[in-house]
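Residue-level structure breakdown
Listed below are the residues making up each chain.
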Amino acid sequence: MMFSSAWNFIKRHKRKFIFTGAVVGGVYFLGKYAQKKMRELQEKEAAEYIAQARRQFHFESNQRTCNMTVLSMLPSLKEAIVNQLSSENLTAILKTKPANKLEIWEDLKIISFTRSIVAVYSTCMLVVLLRVQLNIIGGYLYLDNSVTKSAMSPLAPPDVQQQYLSSIQHLLGDGLTEMMTVVKRAVQNSLGGMSLKQNLSLLELEQQVSWIRAEVELGSEWPLSWYMLADEENTLADQACGLTENDVMTLRLLNETRDMLDSPDFSTILSACLNRSFSRLLDNLAEFFRPPLGDSAPSSAPDSLSAVSLPLAKIIPIINGQIHTICSETPSHFVQDLLLNDQVKEFAANVYETFSTPQELQK
C-alpha cells in the first residue's frame, strides 16, 4: 500500500521530477565544464607565464652579451683611431726640439681634439648599434628556439649571424675614416686659427666642443647612422654568382637594421648618449680646471666654469689622453654611463620585443 501511494505520487508529479533531474544533471555537467575551462585557463596562464619568464631571461642574458661585446671591441676601436690619428709620433718629434716646432704643435692640436671627439662619437655608435644588432638576432634566436622550432627553417642560422654581425666592421673601418674626415674639418674650422697661447676656461672649451658637434651633426650631408652601416645590398647583389639563401637572410637583417637606424627613436637614443658622453668628457677635463688650493671661490659657484683658464697648449695633452678613458676595455665611468643608460635599456627592450614575437614573421 505504501509503495502504491509512492508510485501514484511519482506519476502525478512526473514532469516535476523530470525537470528537477534535468536541472540537477545540467548543473553537474555545467560544473564539470566550468572546471575543465578553468583548468585550461590556468594551464594557458601558466604556459604564458613560463614563456614570458623564459623570454625575459633570454633578453637579460642577451644584454649581458651586448655589454661584454662592447667591452671586447673597444680596444680594436681605440687602435683604429690611434693608427689613423697618431699623436705619439708628433710628441716624440717635439722632444727633439725641431725647427718646425710650432707647425708640429698646430698639427698636434687638431689631432688631439679630433681623436678624442671621434672616440666619443664612435663609442656611442658602437654601443647603440650593437644593441640594435644583437637584439634583432636575439629576438630571432628566441623564435628559432621556441615557437618556430619545429615548424620552420631557422630565421638566423649561424652562418647568417656571422655574416650579419661582421657588418660592424664598417664602423671600425670605412665609416670611422669618413667620420674622422668630417670631425677633423670641424675641429680645424673651430680651433685652427686659435693661438696656442690663447687661454680657455672650461666654459669656453665647452662652447668650442658644441660648435664642433653642431658642424658634425647638422652641417654634414650624411646622418650619423651613415657611418655605422655600409650599403651591403649593392655589394651582395653585385656578386657574379648571385645571392644565396643565406645572403637573402642577411640582407633582410641588414635592411631591418637600417630601418631601425633611420627611426626617430634611434636618433633620440643616440643623441641622448652623445649628450651624456660629451658631458662626461667635460667632467673629466674639469679635474684640470680646479681653482688653486686656498682659493676663496667655491667650486660649485655658477661662474666656477670660467674661474680658471688654461693656455690651449696645456689643454692639448689633457684632451689628447682622453681616448684611453673613453675607449677603455675595463669599465670606466664613461662606458658605464652608456651601458647602464635607462633609455638605451628601454630601446633595447623594444627592439627585442619587436623581433621576438611571432607576428614579426608575418611581415
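Presented here is a report on the structure given in the accompanying data block. (Residues numbered from 1 in each chain as written. Predicted model: local features only at pLDDT ≥ 70, side-chain atom pairs only at ≥ 80, totals over all residues. Heavy atoms only, no water.)

Time to look at the overall build of the protein chain. Along the protein chain, the regular secondary structure elements total 15 helices and 2 strands. Put simply, 85% of the contacts in the protein chain that link residues at least 6 apart link residues at least 24 apart. As displayed, the protein chain has an accessible area near 20300 Å², and 57% of this comes from carbon and sulfur atoms. (Helix = DSSP H or I, 4+ residues; strand = E, 2+ residues; numbered from the N terminus. Contact = heavy atoms within 4.5 Å. Areas by Shrake-Rupley, 256 points an atom, 1.4 Å probe, with all protein chains shown as cover.)

Right, let's talk about the packing of aromatic side chains for a bit. Per the counting criterion, the structure on display carries 5 aromatic pairs. Judged by centre distance (5.4 Å) and plane angle (70°), the ring pair of Tyr 121 and Phe 278 falls under edge-to-face. Of this pair, Tyr 121 sits in helix 4 (residues 101-144) while Phe 278 sits in helix 11 (residues 264-286), and the two are 157 residues apart along the sequence. The two residues Tyr 121 and Phe 278 agree in class, both being buried. With 5.6 Å between their ring centres and 75° between their planes, Tyr 140 and Phe 355 make a pair best called edge-to-face. Note that Tyr 140 is positioned in helix 4 and Phe 355 in helix 15 (residues 342-355), a separation of 215 residues in sequence. (Phe/Tyr/Trp six-rings, centres within 6.5 Å; stacked < 30°, edge-to-face > 60°. Buried < 20%, exposed > 50% of the residue type's maximum accessible area, 1.4 Å probe, protein only.)

It is worth spelling out the packing of helix 11 against helix 15 at this point. The contact between helix 11 and helix 15 brings their axes to 9 Å, and the two run at 155°. By the angle class used here, helix 11 and helix 15 are roughly antiparallel. The handedness of the crossing between helix 11 and helix 15 is left-handed. Here helix 11 contributes Asp 265, Phe 266, Ile 269, Ala 272 and Cys 273 to the contact with helix 15, which in turn contributes Gln 343, Val 344 and Phe 347. (Axes fitted to C-alpha atoms, helices over the stretch in contact; angles between N-to-C directions. Parallel < 35°, antiparallel > 145°, perpendicular 65-115°, else oblique. Left-handed = near helix turned anticlockwise from the far one by under 90°.)

Per the counting criterion, the structure on display carries 7 salt bridges. When the shortest N-O distance is used, the salt bridge between Asp 337 and Arg 276 registers 3.3 Å. Here Asp 337, found in helix 14 (residues 333-339), pairs with Arg 276, found in helix 11; they are 61 residues apart in sequence, far enough to count as distant. What makes Asp 337 partly exposed here is its relative accessible area of 21%. Residue classification places Arg 276 among the partly exposed positions, given a relative accessible area of 30%. Residues Glu 287 and Arg 290 are paired through a salt bridge, measuring 3.2 Å at the closest nitrogen-oxygen approach. Taken together, the shared-partner salt bridges in this structure form one network comprising Arg 276, Arg 280 and Asp 337. (Salt bridge = Lys/Arg side-chain N within 4 Å of Asp/Glu carboxyl O.)

By themselves, these figures tell us nothing about what the structure is for.
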